[in-house]
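# Fold and geometry: a report
One-letter residues, chain by chain:
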Amino acid sequence: MAGKIAFGVDVGGSGIKGAPVNLDSGQLTEDRFKILTPQPATPEAVVGVIAELLDHFDLSPEVPIGVSFPSPIVGGVVTWIANLDQSWVGVNLAEAVAAGTGRQTTVVNDADAAGYAEVAFGAAKDHPGTVAVMTLGTGIGVALITGGKLWPNAELGHIQIDGHDAEKWAAASAKDREGLTYAKWARRLQRYFSEIDRLLWPDLIVVGGGVSRKHDKFLPLLSLRPKIVPAALRNTAGIVGAATLAWQGAQAGG
Ligand code: BGC
């Protein structure tokens, strides 16, 4: 396969998805392939699924991999985790995936991956100011970008609101679990995003995650100071962002 190609993997609470990405266009070169997240989602099981995903595609050995993962990641290591198996804490994800696949591997927090993708190809492209890319899914992920540069591992889905961990109460999973209407859920999002605005004063909020497909059902119900828009890449942002970083890592030889 010719051109600037990297393989992006998005590890989530329910599915692990992967696809090759063309880094000139930010487009997937083939349909993404999904395997259900193994239960329990231990490091061995998840790395096994990533290797299986790769087997589904015909990629030359030098194509690097980028993995988007739902935890803070410092120096390749999972430092803490809310929504996958606790045995991940302390594991060097970059080394584990490189060993399990034989490929050069770059790893990144999933919201940060979405942030990179939206800056490179999406709703935050060329934005000169401060942007918060917020993903609403099993948890709430936050990427903070200012002047095109990203502050990694901003775990602001876990701020406290009325004594609740915000994501347990306002993530898309809370809407599903509690059977909330969009109107009821939007009232929680209003509280959450207002709090984020009070703390960070972003110029733009970009809302991602699978539910952003249905943005017309809840974004118009919010009344916020900053502009708020749906993500452009929707549910491929993790794959595209991780692949973007993998490509940059491969160029840097790192
Ligand atoms: C995790 C974050 C992640 C977010 C979205 C949170 O529970 O702590 O690291 O970005 O979920 O998956």
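Treat the numbers as computed from the prediction; the structure is a model and nothing was measured.

### Some words on the domain arrangement of the protein chain
- Along its sequence, the protein chain is carved into domain 1 (5-112 + 236-252) and domain 2 (125-232).
- Here the C-alpha centroids of domain 1 and domain 2 sit 23 Å apart.
- Between domain 1 and domain 2, the contact holds eleven residues from the first and 13 residues from the second.
- A combined buried area of about 840 Å² lies between domain 1 and domain 2, and 49% of that area is made up of carbon and sulfur atoms.
- Counting the surface domain 1 buries against domain 2, the share from its top three residues, Asn 83, Ala 111 and Asp 112, is 56%.

### A short note on helix α6 (residues 182-200)
- Helix length check: α6, at 19 residues, gives a terminal C-alpha distance of 25 Å against a target of 27 Å (1.5 Å per residue), a fit within 8%.
- Buried within α6 are the following residues: Tyr 182, Trp 185, Ala 186, Arg 188, Leu 189, Tyr 192, Phe 193, Ile 196 and Asp 197.
- Just downstream of α6, Trp 201 is the residue with a positive phi angle, here 50°.

### Quick notes on the side chain of Asn 109
- The residue Asn 109 is located in strand β8 (residues 105-109) in this model.
- Polar contacts involving the side chain of Asn 109 include one to the main-chain carbonyl oxygen of Ser 71, which spans 3.1 Å.
- With near-sequence residues (within four places) excluded, Asn 109 lies in contact with Phe 69, Ser 71, Pro 72, Ile 73, Asn 153 and Glu 155.

### Section: helix α1 (residues 43-55)
- For α1, which comprises 13 residues, the first-to-last C-alpha distance of 18 Å matches the rise-based estimate of 18 Å (1.5 Å per residue) to within 8%.
- All buried positions along α1 are accounted for by Pro 43, Val 46, Val 47, Val 49, Ile 50, Leu 53 and Leu 54. One side of α1 holds all its buried residues, which, seen down the axis, span an arc of 155°. The outward face of α1, more than 90 degrees from its buried face, is lined by the exposed residues Glu 44 and Asp 55.
- Taken together, the buried residues of α1 touch β1 (5-11), β2 (15-22), β4 (33-36), β5 (65-69) and α2 (93-101).

Definitions and limits used
Residues numbered from 1 in each chain as written. Predicted model: local features only at pLDDT ≥ 70, side-chain atom pairs only at ≥ 80, totals over all residues. Heavy atoms only, no water. Domains from an automatic or database assignment. Contact = heavy atoms within 4.5 Å. Buried area = accessible area lost by both parts, 1.4 Å probe. Helix = DSSP H or I, 4+ residues; strand = E, 2+ residues; numbered from the N terminus. Expected span 1.5 Å × (residues − 1). Buried < 20%, exposed > 50% of the residue type's maximum accessible area, 1.4 Å probe, protein only. Polar contact = N/O pair within 3.5 Å; in protein donor to acceptor, adjacent residues only side chain to side chain. Arc of directions from axis to C-beta.

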